[in-house]
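Chain residues, written in single-letter form:
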Amino acid sequence: MLSRIAVLLVALFGLAAAPASAAPARDYVALGDSYASGPGIPVQSGGCGRSSRNYPSVLARWIRATTFTDASCGGATTRDMFSPQPISGGANPPQLDAVTRRATLVTLSIGGNDIGFGEILTICGRLAAADPTGAPCKAHYTAGGEDVLAKRIEATAADVAAVLDEIHRRAPRAKVVLVGYLRILPDGPGCWPSVPFAAGDTAYFDATERLLNTTLARVAKENDALFADPYPASTGHDACAAPDTRWVEPLRPASPAAPIHPNARGMAVTAAVTLVTALLG
């Protein structure tokens, strides 16, 4: 239901505008990785791949935030919430430094890099090139009889919980929204080589992403946070969909975005899902 309302918001008010009176003005801080920062989407600033059209910026405009601090940074893990993150030309300060007692809304997108998003794309892409119709990536990550990625997700849960706890400590009045990930792959065999997963690995990676989102939802519930889930609305808008339909770009983006990352449409939908979650939560 939340996803349907969010998509309706975008359809009614467009990608760059939404009802400005939908939420009261507030002091908003955004934390997270590249699925928050928006690498490749114009207009970029700094060394974190931060876009003026990422979902935090869209959301800040929609709610007419009194103050807005976007600390998100491409490549961030839960560790980078507490420690400086090396980036091109210097370092992004610990993202939690942006959270103060003044904050009334904090969003957090994190977990994908903790489980090795970049490593997964590299390994699965290399294996798929040699076996595009098989399931070599699944075989690689389950070779020892256990699912390595599932274990990483469970380990990440405690790290995300620690970040949420620290947000609550620093900003006790804030509404905290943990934001999940847009759907990357479709049902069926996928679209190798546009997206670097073999036909038999598409379902495995999609199941891994769903497990990550489900785990994040559980962590949010257990740690007094809301969970905004853009995945359900993403069905039919994954990286294998047509250029004018997809919300996540393939290896060769047709819309400005980093490969295997949200485009501006995906960011707008994520902003809408987050807005509806914050309003109704």
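Note that the coordinates shown come from a computational prediction; the quantities given were computed from them, not determined experimentally.

Turning next to the overall build of the protein chain. Per the secondary structure count, the protein chain includes nine helices and nine strands. For the protein chain, the C-alpha radius of gyration of 18 Å lies close to 19 Å, the compact-globule estimate for 281 residues. Summarising its shape, the C-alpha atoms of the protein chain cover approximately 55 × 40 × 40 Å along the three principal directions. Put simply, the protein chain has 281 residues, and 54% of those count as buried.

Looking now at the pattern of salt bridges. Considering all chains together, one arrives at 12 salt bridges under this definition. The residue glutamate 119 makes a salt bridge to arginine 152 at a minimum N-O spacing of 3.2 Å. In this pair, glutamate 119 sits in helix α5 (residues 117–130) while arginine 152 sits in helix α7 (residues 148–170), placing the two residues 33 residues apart along the sequence. Linking arginine 210 and aspartate 206 is a salt bridge whose minimum nitrogen-to-oxygen distance equals 3.2 Å. Taken together, the residues arginine 210 and aspartate 206, both in helix α8 (residues 202–222) and four residues apart, mark about one turn of the helix. The partly exposed category is assigned to arginine 210, whose relative accessible area is 38%. One salt-bridge network, in which partners are shared between bridges, spans Asp97, Glu166, Arg169 and Arg170.

Attention now goes to the sheet that holds strand β7 (residues 105–109). Reading across from one edge, β4-β1-β7-β8-β9 is the order of the five strands in this open sheet, with parallel pairing throughout. At either end of the open sheet lies a strand with only one pairing partner, and these are β4 (67–70) and β9 (226–228). Put simply, the sheet's adjacent strands are angled 20° from each other on average, direction ignored. Note that strand β1 (residues 27–32) and β7 share five bridges and pair parallel. Counted as the bridge partner of tyrosine 28 is leucine 105 from β7. Packed on one face of the sheet, α8 meets β8 (175–179) and β9 and runs near 155° to β9.

A large share of helix α3 (residues 55–62) lies buried, amounting to seven of its eight residues. Tyr55, Pro56, Ser57, Val58, Leu59, Ala60 and Trp62 are the residues of α3 that are buried. Two residues or fewer after α3 comes arginine 64, characterised by a positive phi angle close to 55°.

With that settled, the discussion passes to the packing of aromatic side chains. As enumerated under the stated definition, the model contains four aromatic pairs in all. Arranged with centres 5.3 Å apart and planes meeting at 65°, the rings of tyrosine 35 and tyrosine 181 form a pair that is edge-to-face. Of this pair, tyrosine 35 sits in helix α2 (residues 34–37) while tyrosine 181 sits in the loop between β8 and α8, and the two are 146 residues apart along the sequence. The class of tyrosine 181 is buried, set by a relative accessible area of 6%. Seen from their ring centres, phenylalanine 197 and phenylalanine 205 are 4.4 Å apart, and the 35° between their planes marks the pair as tilted. Exposure remark for phenylalanine 197: the relative accessible area of 1% places this residue in the buried category. Taking the relative accessible area as the measure of exposure, phenylalanine 205 reaches 6% and is therefore buried. Feature note: the residues Tyr35, Phe117 and Tyr181 constitute an aromatic cluster, connected by ring pairs.

About the thresholds
- Sequence positions are assigned chain by chain, starting from 1 and proceeding in written order.
- Restriction of local features to residues with pLDDT of at least 70 applies here, the model being predicted, together with a cutoff of 80 or more for giving and counting side-chain atom pairs; totals for whole chains, interfaces and linings are based on all residues.
- To get the side-chain values, all heavy atoms of the structure are used, and hydrogens and water are removed first.
- Numbering of helices and strands runs from the N terminus; a helix is a DSSP stretch of H or I covering at least four residues, while a strand is a stretch of E covering at least two.
- Just to be clear, the radius of gyration here is over C-alpha atoms, and the globule rule we use is 2.2 Å times residues to the power 0.38.
- Think of it in three bands: residues with accessible area under 20% of the maximum for their type are buried, residues over 50% are exposed, and the middle band is partly exposed, with areas taken using a 1.4 Å probe on protein chains only.
- Salt bridge, as applied in this entry: a Lys or Arg side-chain nitrogen positioned within 4 Å of an Asp or Glu carboxyl oxygen.
- Any two strands with at least two DSSP bridges between them are considered paired.
- In this description, a line fitted to the C-alpha atoms serves as the axis of each element, helices being fitted only across the stretch in contact, and the angle between N-to-C directions of two axes falls anywhere from 0 to 180 degrees.
- What makes two residues a contact is simply this: any of their non-hydrogen atoms within 4.5 Å.
- Pairing of aromatic side chains requires ring centres within 6.5 Å, counting the rings of Phe and Tyr and the six-membered ring of Trp. Pairs whose planes differ by under 30 degrees are stacked, by over 60 edge-to-face, and all others tilted.

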